[in-house]
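# Close look at the chain arrangement
Spelled out, the chains give:
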Amino acid sequence: MRLSLGRRVAVAATLGLALLATAACGAVTPAGNTASGDGGFQLADYIKDAVEKGEPLKIRLSYHDPSLAFAVPIRQGMERAAKELGVEAQMIGPTGGNAADQVAELQTLINQKQIHGLAVSSASNDALKPVIAQAYDAGIPIISFNTNNPESKQMGFVGQDLVASGESLAKELLGVLNGKTGKVVVVSVDSGAGWSNDRFSGFQAGVKDSGLEIVGPVNTGNEPSAAYNTIESTMAAQRDAIALVSLDCCSFTAGAKWLQQSGNVGKIHSVGFDVQPQTVEYLSNGVVDLSISQGPAEQGFQAVKLLADFLKNGTEIKDVDTGALVVTRDNVADVPVEG
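Right, let's walk through the structure included here. All values derive from a computational prediction rather than experimental measurement.

Another point: the nonpolar core. Core analysis: the largest hydrophobic core is formed by 76 residues, its most contacted members being Leu61, Ile143, Leu173, Val184 and Phe203. At eight residues, the largest contribution of residues to this core is made by helix α10 (residues 296-313). When near neighbours in sequence (up to four residues on either side) are disregarded, Val184 contacts Leu173, Phe203, Leu212, Glu213, Ile214, Val215, Ile242, Ala243 and Val245. Of all hydrophobic cores here, the second largest spans 26 residues; its members include Tyr228, Ile268, Val275 and Val280.

Here you go:
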């Protein structure tokens, strides 16, 4: 191992998991009795029967856009957990991240009464709150993963603390800038999404009183060429910007491509999220300064494990923080690629 993380581990010392102190609101015994912290959750009869008979448990992970590169390691972690725990797990979700499509798909699953556990990553927190409540009220154990929905009836969350990760990114950017002040352009593939808002609010808090002028967040969309064009036009209008900050994996790589092709490497600093294959290349070549990883494979694995353990063993559901590992040119070779 060549890891030299130093101060660069922002929230977690490693990508290992840390169980948060906040316990969620339910547990079920193998016989199907509930031990609910809020007194509200009752396991559906058809799920009780399946557990008691030892039938294969069907768990679904609804990801807000399975076509994203970030979905690949989540799916791999999910499949590993399914194999190890002896359950049937599958990733579902709408291509393109349409919240209405995600809600419709989830409602169909709930009404069919053919699933035993559900984990959701919200395309839109507000849009998914009612369907999360619908699953909970129908007696289907439901958690969130990757994107948190704390105001909903979710029974737990697996993933990174998004606000804290935004604050961590701000802290790292301030270190990179070393006292320099000026305009910082912030971009996101979906600036209106809950996860994006959480990270941006954390980032804003982290740079407060730093003298930096924040421009954005600018919505780039997820299509690579469109994202590149948006960043190109935005940076043309902000020629005096000193940094380009991304709130996700894909606008980050689009921004890195623009830095490289526009001749701005070394002139404009760049920080962002996740460790896609392209990100590794840009980090290794010094095009971008650093990235923050959130352990997507562990998110997939732990989402399945929480639900399977809850159903099979009556294990209480607790939030799982997959951490925030800061990845630089020095340690990128030792960090798993996310995609």
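Having seen the structure, we can now continue with the description.
For the pair helix α7 (residues 224-237) and helix α8 (residues 249-262), interaxial distance at closest approach is 9 Å and the crossing angle is 55°. Considered as vectors, α7 and α8 are oriented oblique to each other. The way α7 lies across α8 gives a crossing that is right-handed. Listed contacts from α8 to Ala227, Tyr228, Ile231, Glu232 and Met235 of α7 are Ser251, Ala254, Gly255, Lys257, Trp258 and Gln261. Along the lines of polarity and charge, the residues of the contact of α7 with α8 split into six nonpolar, three polar and two charged.

Of all the six residues making up strand β7 (residues 183-188), six are buried; the element is thus mostly covered by neighbouring parts of the structure. Judged by which residues are buried, β7 turns out to be covered on both faces: Lys183, Val185 and Val187 on one side and Val184, Val186 and Ser188 on the other are all buried. Bridge analysis of β7 against strand β8 (residues 213-219) gives five bridges, and the strand direction is parallel. Its bridge partner lying in β8, Val185 is registered against Val215.

On to α8. For α8, with 14 residues, the first-to-last C-alpha span of 20 Å sits near the 20 Å given by 1.5 Å per residue. α8 sits mainly inside the fold: ten of its 14 residues count as buried. Restricting attention to buried positions, one finds in α8 the residues Cys249, Cys250, Ser251, Phe252, Thr253, Ala254, Gly255, Ala256, Trp258 and Leu259. Its buried side turned inward, α8 meets β7, α7, β9 (241-246), β10 (269-273), α9 (277-284) and β11 (290-293). Sitting at the amino-terminal end of α8 is Asp248, which places a side-chain oxygen 3.0 Å from the backbone nitrogen of Cys250. Within two residues after α8, Gly263 carries a phi angle of roughly 80°, on the positive side.

On to the side chain of Thr234. Tracing the sequence through the fold places Thr234 in helix α7. Within the local environment of Thr234, its side chain forms a polar contact with the backbone oxygen of Thr230, the two atoms lying 2.7 Å apart. For Thr234, the contacting residues outside a window of four places in its chain are Val185 and Val218.

Here we take up the sheet that holds β8. Spatially, six strands are ordered β8-β7-β9-β10-β11-β13 in an open sheet, and the strand pairing comes out mixed. Sheet topology places β8 and β13 (325-327) at the edges, where each strand pairs with a single neighbour. Averaged over all neighbouring strand pairs, the angle between strand axes comes to 20°, with direction disregarded. Across three bridges, β9 lies against β10 in parallel orientation. The residue of β10 that forms the bridge with Val245 is Val271.

About the cut-offs
- Residues numbered from 1 in each chain as written.
- Predicted model: local features only at pLDDT ≥ 70, side-chain atom pairs only at ≥ 80, totals over all residues.
- Heavy atoms only, no water.
- Core = buried A, V, L, I, M, F, W, Y, C linked by side-chain atoms within 4.5 Å.
- Buried < 20%, exposed > 50% of the residue type's maximum accessible area, 1.4 Å probe, protein only.
- Helix = DSSP H or I, 4+ residues; strand = E, 2+ residues; numbered from the N terminus.
- Contact = heavy atoms within 4.5 Å.
- Axes fitted to C-alpha atoms, helices over the stretch in contact; angles between N-to-C directions.
- Parallel < 35°, antiparallel > 145°, perpendicular 65-115°, else oblique.
- Left-handed = near helix turned anticlockwise from the far one by under 90°.
- Nonpolar A, V, L, I, M, F, W, Y, C, P; charged D, E, K, R; others polar.
- Pairing = 2+ DSSP bridges.
- Expected span 1.5 Å × (residues − 1).
- Polar contact = N/O pair within 3.5 Å; in protein donor to acceptor, adjacent residues only side chain to side chain.

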